[in-house]
Amino acid sequence: MDQPFTIRYAERMNQLPPYLFGMINKMKMEKRWRGDDVIDLGMGNPVDPAPGPVTEKLCEVAVDPKSHRYPVAGGMKNLKREIALYYNRSYDVDLGGEEDVICTIGSKEGISHLSLALLGPGDTVLVPAPAFPIHVYAAVIAGANVLRIQLSDEDTFLAQIEGMCKSLYPAPKLVMLNFPHNPTGMLASKELFAGVVKLAKKYNFMVINDFAYAKITFDGYVAPSFLEVPGAIDVGVEFGSFSKSYNMAGWRLGYCVGNKEIIGGLAKIKGYYDYGIFSAIQVAGIVAMRDCDDTISEQAAVYQKRRDVLCEGLTRMGWDVEPPKAGMFAWVKIPAPYDRMGSVKFSIEMMDRANVAVSPGAGFGEEGDGYLRLALVENEHRISQALKQMRRALKEIDEEVEKGTFDLDDRGE
């Protein structure tokens, strides 16, 4: 008699917990299929259009049969040159545009594949926590160990890195940075980056900075590039993305710049895994970088207005909120007594009762539980409406708690 057939995943799959954001998105889509109008403050998925010249160039090039061939795997020469020019005018960083620049299918793909090139069993990565999941699990999938270091003031943060380097053998191989930070909105100074570079050279670790929110800044704040710091290019690389600056999230276009040897490793891995980005998208990216700088500041101003509506509304509701100076999210602490239910159950209750999708802080690690990440992608009217619906939902919970029909301490786990 035939034995039952079983599917056996690789052992690395056991290291991947359920993807909380996938669960929230599934709930959101199921409600929308039923006809509910769910206001989405959960996913950082821009709803505003890409700049007109970018879309026009995509359409123009897409009909050319030449663009239907396999593209240049590491990115078109002219696109890499525009990225180098962008770094020169934005950060006074000189890049050659060839061996020190590579194009990626979004920064998430690039970080994942670079982790495969740099890391393996026995290697250790330091990741600030709470953390965007790919910053942790790209290393986990590559077989490396991940140690989470608590985000804190800059001196303490640097001291934590040095403490890990002194106490671990072998010393950490890589430090993963992400400033402006997702989800917390925490910022980094050039002095922090300089401190990291100094430690990297002292303890021989590499550095990756995910710079996805480089230009989405508010109140006059300008985010520094890691590569602005002298010596940074000796130890690390920086990832950028077209997703947020140019509203090209679904186009999947990003880049990695910096140390030639590190980028060479990424190029080698990508040579086995993919054929690069559709040529029409790359040409449209050239137009974005060359001609659409003004649209970035305009989009940042849109996000700033949404931020103000959200943060001012939450403050009126009695929440303690610090408006972010960069990024497209607000990181807010769930107020007492609702924090007792935990961020996952709170998020589910907001979906069920308020038709508002939010990201639970626990999705960024246990350090994030008790917080929500709220995206600034909906327009100001929709954000105001979301706050009204959340306020009604919390009043409903209050009434049920008073009746004894809702237990704030039941986290639903």
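Located above this text is the structure these notes cover.
If you're wondering where the values come from, they're calculated on a predicted model, not measured in any experiment. (Residues numbered from 1 in each chain as written. Predicted model: local features only at pLDDT ≥ 70, side-chain atom pairs only at ≥ 80, totals over all residues. Heavy atoms only, no water.)

Description of the pairing of strand β6 (residues 206-210)
Worth spelling out the cut-off: The buried label applies to any residue whose accessible area, calculated with a 1.4 Å probe on protein chains only, is under 20% of its type's maximum; exposed applies above 50%, and partly exposed to all values in between. Numbering of helices and strands runs from the N terminus; a helix is a DSSP stretch of H or I covering at least four residues, while a strand is a stretch of E covering at least two. Any two strands between which DSSP finds at least two bridges are classified as paired.
β6 sits mainly inside the fold: 4 of its 5 residues count as buried. Where strand β5 (residues 174-177) lies against β6, 4 bridges are found, and the strand directions are parallel. Residue pairing across strands places Val 175 opposite Val 207, the latter belonging to β6. The pairing of β6 with strand β7 (residues 236-241) spans 4 bridges and is classified as parallel. Opposite Asp 210, over in β7, you have Phe 239 as the bridge partner.

Remarks on the sheet that holds strand β11 (residues 359-360)
Strand order in this open sheet of 3 strands is β9-β12-β11, and the pairing throughout is antiparallel. Each edge of the sheet is formed by a strand with only one pairing partner; in this case those strands are β9 (329-333) and β11. Pairing analysis gives 2 bridges linking β11 to strand β12 (residues 371-375), with the strands arranged antiparallel. Within β12, the residue paired with Pro 360 across the bridge is Leu 372.

Notes on the nonpolar core
Rules: Only buried Ala, Val, Leu, Ile, Met, Phe, Trp, Tyr and Cys residues count toward a nonpolar core, and they belong to the same one when joined by side-chain atoms within 4.5 Å.
By size, the foremost hydrophobic cluster in this structure holds 58 residues, and its most contacted members are Ile 83, Tyr 87, Ile 161, Phe 205, Phe 242 and Met 248. At the level of elements, α3 (77-91), β2 (101-104), α6 (154-167), β5, α7 (190-203), α8 (232-235), β8 (254-258) and α11 (279-291) are the ones that each hand at least two residues to this core. By residue number, the principal contributor to this core is α7, which donates 7 residues. Listed in part, the 40 residues of the second largest apolar core include Ile 216, Phe 218, Tyr 303 and Ala 386.

Section: the pattern of salt bridges
Applied cut-off: Each reported salt bridge corresponds to a side-chain nitrogen of Lys or Arg within 4 Å of a carboxyl oxygen of Asp or Glu.
Evaluated as defined, the whole model comprises 25 salt bridges. A salt bridge links Glu 109 to Lys 270; the shortest N-O distance between them is 3.1 Å. Taken together, the residues Glu 109 in helix α4 (residues 107-118) and Lys 270 in helix α10 (residues 260-273) connect sequence positions 161 residues apart. Both residues of the pair, Glu 109 and Lys 270, belong to the buried class. Linked through salt bridges whose partners overlap, the residues forming this network are Asp 219, Arg 307, Asp 308 and Lys 325.

Side note on the environment of Leu 187
The following threshold applies: The contact criterion used throughout is that any non-hydrogen atoms of two residues lie within 4.5 Å.
Among the secondary structure elements, Leu 187 is positioned in the loop between β5 and α7. According to the relative accessible area criterion, Leu 187 is partly exposed, its value standing at 23%. Ignoring sequence-local partners within four residues, the contact set of Leu 187 consists of Glu 154, Phe 179, Pro 180, Tyr 221, Lys 325 and Ala 326.

Some words on the packing of aromatic side chains
The cut-off we apply is this: We call Phe, Tyr and Trp rings a pair once their centres come within 6.5 Å, taking the six-membered ring for Trp, and we label the pair stacked below 30 degrees between planes, edge-to-face above 60, and tilted otherwise. Working rule: Lys NZ or Arg CZ, within 6 Å of ring centre, within 35 degrees of ring normal, means a charge sits over the ring.
Tallied over the full model, the rule gives 15 aromatic pairs. When the centroid spacing of 4.2 Å and the interplanar angle of 20 degrees are considered together, the rings of Tyr 70 and Tyr 275 count as stacked. Here Tyr 70 is found in the loop between α2 (52-62) and α3, whereas its partner Tyr 275 is found in the loop between α10 and α11, with 205 residues between them in sequence. For Tyr 275, a relative accessible area of 52% corresponds to the exposed category. Between the aromatic rings of Phe 157 and Phe 179, the centroid separation amounts to 6.3 Å while the plane-to-plane angle is 90 degrees, which identifies the pairing as edge-to-face. In this pair, Phe 157 is assigned in helix α6 and Phe 179 in the loop between β5 and α7, connecting sequence segments 22 residues apart. The class for Phe 157 is buried, based on a relative accessible area of 1%. We classify Phe 179 as buried; its relative accessible area is 2%. Of the aromatic side chains, those joined through ring pairs into one cluster are Tyr 86, Tyr 87, Tyr 91, Phe 211, Phe 242, Tyr 246 and Tyr 255. If you follow Lys 345 out to its NZ or CZ, it ends over the ring of Phe 406, 4.6 Å from the centre. The lysine or arginine in question, Arg 373, covers the ring of Phe 329, its NZ or CZ lying 3.8 Å from the ring centre.

That is the geometry; function is a separate question.
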